[in-house]
Amino acid sequence: MVEAADLLVRTLGEGRIDSPLQGLLDRRGTTEHYVDEADRVLFDDTLAMVGERIGKPPSFEPSGPRRRIFFDPAKIRVGIVTCGGLCPGLNDVIRGLVLELTSHYGVSRIVGFRNGYRGLVARHGHDVIDLTPAGVQHVNEQGGTILGTSRGNQDPVEIVDCLDHLGVNILFVIGGDGSMRGAQRIAQEITARDRRIAVVGVPKTIDNDIPWIGHSFGFQTAFGKATESIRAAHTEAMAQPGGVGLVQLMGRHSGFIACYAALATNDADYVLIPEVPVDLGGFLPHLRQRVRERGHALVVVAEGAGQEYLAADGADASGNRLLGDFGIYLRGRVLSDFATAGQEINLKYIDPSYVIRSVPANPYDSVYCLRLAQAAVHAAMAGRTEMVVGSWRNRFVHVPIPLTVASRNQVDPGGDLWMSVLEATGQPTSFAVPDRAAA
């Protein structure tokens, strides 16, 4: 259970400099649309959850501009780095950070580190790029990241050496859970050296698996793009006798893209996700029955589902466990099962993963990226560190990095999202023996 102490954000010191944005805050107070800097955002949102608490209820520090800031904008240098896999909206966040820093705070020295954390390590030999408003003017129209990215851990000692050498006072890290663990180690090394350098994260995860941030930027674009593949697979399945469409979507440990994309089209007959064990002994006959009755079926599967059927060893450069390809495995099992039963099948398999993650952000995500970037700048200029920005109950808040990397956001099999999927698909709650009568 999250406690009040878990939500406390570190600060480098008291803000003693009048903020350039102070005029925006003169007559502002907490309302249903805004939270004053002196107020807090409650973690719990039901009477039952609040009733279980003893003592002070946990709450988030709200984001937004402060009346007094820690850093003098005219005297600081800012660094920005993007890490991990691609995701829609990376360039939007870079652009938002640069524009907010320059236009509203008057920061003139901003550098971008190339190719992820490797760009902060001297032995890799990557140069830095000066980031200006003119240089980022249209980057939001492109997918990917203008700074480049990479996976894998780098030595925080060497990274802080780089920050010291360049005189960087604020480092913005745009990345997923592995990148935020790296940011935490960087912040700890800075503390050990007694430096006053802020490390602020803008969490990026296309799978939406970072907890306590509402949802991650690029997620809506990703599941929206995924619906195109689902519609194509459904059209193919309906066009032929015994048609089966099988679409594998991103989602190593969390099936949010599969769930939301399936709900957006409302055509899927089955959704298989990592959070709900897959019993192929029950699923395969159920699928054959569905095709016999309706003439076709559509299956949406998250890449991390069904790993219990696969033997995959090792880890990638970021330390993530390597997964077996369940989509290809399931394709083979479905074809074999239909052949053994003597039932006609025309199966079309689609895996659009790299198409999904490389596209530009849609308008909703573009807005969200800009607001996250603005919130990150406000937090950093006020001296906050070892934290990320997010949206909790539609309020922008500060979240300590240790909390975001302590667990993973996943689809709750007992929650309302999975219930909506079950309602939309009509699939059984389990394919185990009690549900096999339909086959």
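One can find the structure itself at the top, above this paragraph.
With mixed pairing, the nine strands of this open sheet are ordered in space as 3-4-17-16-10-9-6-7-8. Both edges of this open sheet fall to strand 3 (41-42) and strand 8 (128-130), since each of them pairs with a single strand only. Relative to strand 7 (residues 110-113), strand 6 (residues 78-82) runs parallel, the two sharing four bridges. Counterpart to Ile 80 in the pairing with strand 7 is Gly 112. Along the sheet, helix 10 (residues 363-381) contacts strand 9 (170-175), strand 10 (198-203), strand 16 (387-392) and strand 17 (395-400); its crossing angle with strand 16, the most-contacted strand, is approximately 135°.

Okay, the packing of aromatic side chains next. Overall, the coordinates contain 17 aromatic pairs when judged by the stated rule. On the numbers, 5.8 Å between centres and 45° between planes, the contact of Phe 43 with Phe 60 is tilted. Taken together, the residues span a long stretch of sequence, with Phe 43 in the loop between strand 3 and helix 1 (47-51) and Phe 60 in strand 4 (residues 59-62) at a distance of 17 residues. The buried category is assigned to Phe 60, whose relative accessible area is 0%. Between Tyr 368 and Phe 396, the aromatic rings sit 6.1 Å apart at their centres with planes inclined by 45°, giving tilted as the arrangement. Of this pair, Tyr 368 sits in helix 10 while Phe 396 is found in strand 17, placing the two residues 28 residues apart along the sequence. Considered together, Tyr 368 and Phe 396 belong to a single accessibility category, that of buried residues.

Okay, helix 2 (residues 90-103) next. Residues separated by three or four positions in an α-helix point in the same direction, a consequence of the helix having 3.6 residues per turn. Under the 1.5 Å per step criterion, the end-to-end length of helix 2 is 20 Å for 14 residues, consistent within 8% with the ideal 20 Å. With respect to burial, helix 2 is a largely interior element, 11 of its 14 residues being buried. Considered for burial, the residues of helix 2 that qualify are Leu 90, Asn 91, Asp 92, Val 93, Ile 94, Gly 96, Leu 97, Val 98, Glu 100, Leu 101 and Thr 102. Contacts made by the buried residues of helix 2 are with strand 6, strand 7, strand 9, strand 10 and helix 10.

Phi at Glu 386 is positive, roughly 50°, even though this residue is not glycine. Inspection of the secondary structure assignment puts Glu 386 in the loop between strand 15 (384-385) and strand 16. Positive phi, close to 65°, is recorded for Asn 394, a residue that is not glycine. Here Asn 394 is to be found in the loop between strand 16 and strand 17. Overall, Asn 394 belongs to the exposed group, its relative accessible area being 75%.

In contact at an axis separation of 8 Å, helix 2 and helix 10 are set at 45° when each is read in the N-to-C sense. When the axis of helix 2 is compared with that of helix 10, the two are oblique. Crossing of helix 2 over helix 10 shows right-handed handedness. Residues Asp 92, Val 93, Gly 96, Leu 97, Glu 100 and Leu 101 of helix 2 pack against Ser 366, Cys 369, Leu 370, Ala 373, Gln 374, Ala 376, Val 377, His 378 and Met 381 of helix 10. Here the residues of the contact of helix 2 with helix 10 sort into nine nonpolar, four polar and two charged.

Following the sequence through the fold, Ser 59 ends up in strand 4. Note on Ser 59: relative accessible area 7%, which makes it buried. Those residues within four positions of Ser 59 in sequence are excluded, and the remaining contacts are Leu 7, Arg 40, Val 41, Leu 42 and Phe 43.

With that out of the way, let us pick up the sheet that holds strand 13 (residues 296-302). Strand pairing within a sheet occurs via backbone hydrogen bonds; the two strands may be parallel or antiparallel. Within the open sheet, the four strands sit side by side as 12-13-11-14. Their pairing is parallel. Either end of the sheet is taken by a strand with one partner, and the two such strands are strand 12 (270-272) and strand 14 (346-350). In this sheet, neighbouring strand axes are inclined to one another by 15° on average, regardless of whether the strands run parallel or antiparallel.

Moving on, we come to the pairing of strand 16. Within strand 16, six of the six residues are buried, which leaves it mostly tucked inside the rest of the structure. Side chains of strand 16 alternate between two faces, with Met 387, Val 389 and Ser 391 and Val 388, Gly 390 and Trp 392 buried alike. Note that strand 10 and strand 16 share two bridges and pair parallel. Across the sheet, residue Val 200 finds its bridge partner in strand 16, namely Met 387. Where strand 16 and strand 17 come together, six bridges link them in antiparallel fashion. When the sheet's bridge partners are listed, Ser 391 is paired in strand 17 with Phe 396.

Rules behind the numbers
Residues numbered from 1 in each chain as written. Predicted model: local features only at pLDDT ≥ 70, side-chain atom pairs only at ≥ 80, totals over all residues. Heavy atoms only, no water. Pairing = 2+ DSSP bridges. Helix = DSSP H or I, 4+ residues; strand = E, 2+ residues; numbered from the N terminus. Contact = heavy atoms within 4.5 Å. Axes fitted to C-alpha atoms, helices over the stretch in contact; angles between N-to-C directions. Phe/Tyr/Trp six-rings, centres within 6.5 Å; stacked < 30°, edge-to-face > 60°. Buried < 20%, exposed > 50% of the residue type's maximum accessible area, 1.4 Å probe, protein only. Expected span 1.5 Å × (residues − 1). Parallel < 35°, antiparallel > 145°, perpendicular 65-115°, else oblique. Left-handed = near helix turned anticlockwise from the far one by under 90°. Nonpolar A, V, L, I, M, F, W, Y, C, P; charged D, E, K, R; others polar.

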